[in-house]
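What follows is the residue order along each chain.
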Amino acid sequence: MKKVLFISLLFAVSTLIGKEITITGQIISTHDEAGGGYGIQTKKGVYQLCYEWDNANIVNKLSSLNESATNVQIKGKIKDKWTLDCNSLQIKN
């Protein structure tokens, strides 16, 4: 039963990869084992957006939004359950 549930969950997540979603929240500074970057804090949790070395234009925009502490709407392609592709981001504030 656990195998079937795990496979079903894996299939559900894999069908989302590459699809666009729109989320609303506040840009925050993040840090994980790969390094520092930016995410978006939503009611569900934190989605990882970009690392410091990713797309400079988007990272600069995220940096200024982090400092302003305002809510924004971001549209982007899903890489995995909690990560959006940095190069696909469209930011509305």
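Up top is the structure these notes are about.
Attention in this report is confined to the structure presented alongside it. Please read all numbers here as calculations on a predicted model, not as lab measurements.

Concerning the side chain of Thr 83
Thought 1: Tracing the sequence through the fold places Thr 83 in strand S5 (residues 83–84).
Thought 2: Residue classification places Thr 83 among the buried positions, given a relative accessible area of 17%.
Thought 3: Side-chain polar atoms of Thr 83 contact the side chain of Asp 80, separated by 3.0 Å.

Looking at unusual backbone geometry
Thought 1: Backbone geometry places Ala 69, a non-glycine residue, at a positive phi of 55 degrees.
Thought 2: Of note, Ala 69 is situated in the loop between helix H2 (56–68) and strand S4 (71–80).

Details of the nonpolar core
Thought 1: One finds Ile 27, Ile 40, Leu 49, Cys 50, Leu 62, Ile 74 and Leu 89 to be the most contacted residues of the largest nonpolar core, which totals 17 residues.
Thought 2: Among the elements of the structure, strand S1 (20–32), strand S2 (35–41), strand S3 (46–51), H2 and S4 are those that each provide at least two residues to this core.
Thought 3: If you tally residues by element for this core, the top one is H2, at four residues.
Thought 4: What Ile 27 contacts, discounting residues up to four positions off in sequence, is Tyr 38, Gly 39, Ile 40, Leu 49, Leu 62, Leu 65, Asn 66, Thr 70, Val 72 and Ile 74.

The rules we used
Residues numbered from 1 in each chain as written. Predicted model: local features only at pLDDT ≥ 70, side-chain atom pairs only at ≥ 80, totals over all residues. Heavy atoms only, no water. Helix = DSSP H or I, 4+ residues; strand = E, 2+ residues; numbered from the N terminus. Buried < 20%, exposed > 50% of the residue type's maximum accessible area, 1.4 Å probe, protein only. Polar contact = N/O pair within 3.5 Å; in protein donor to acceptor, adjacent residues only side chain to side chain. Core = buried A, V, L, I, M, F, W, Y, C linked by side-chain atoms within 4.5 Å. Contact = heavy atoms within 4.5 Å.

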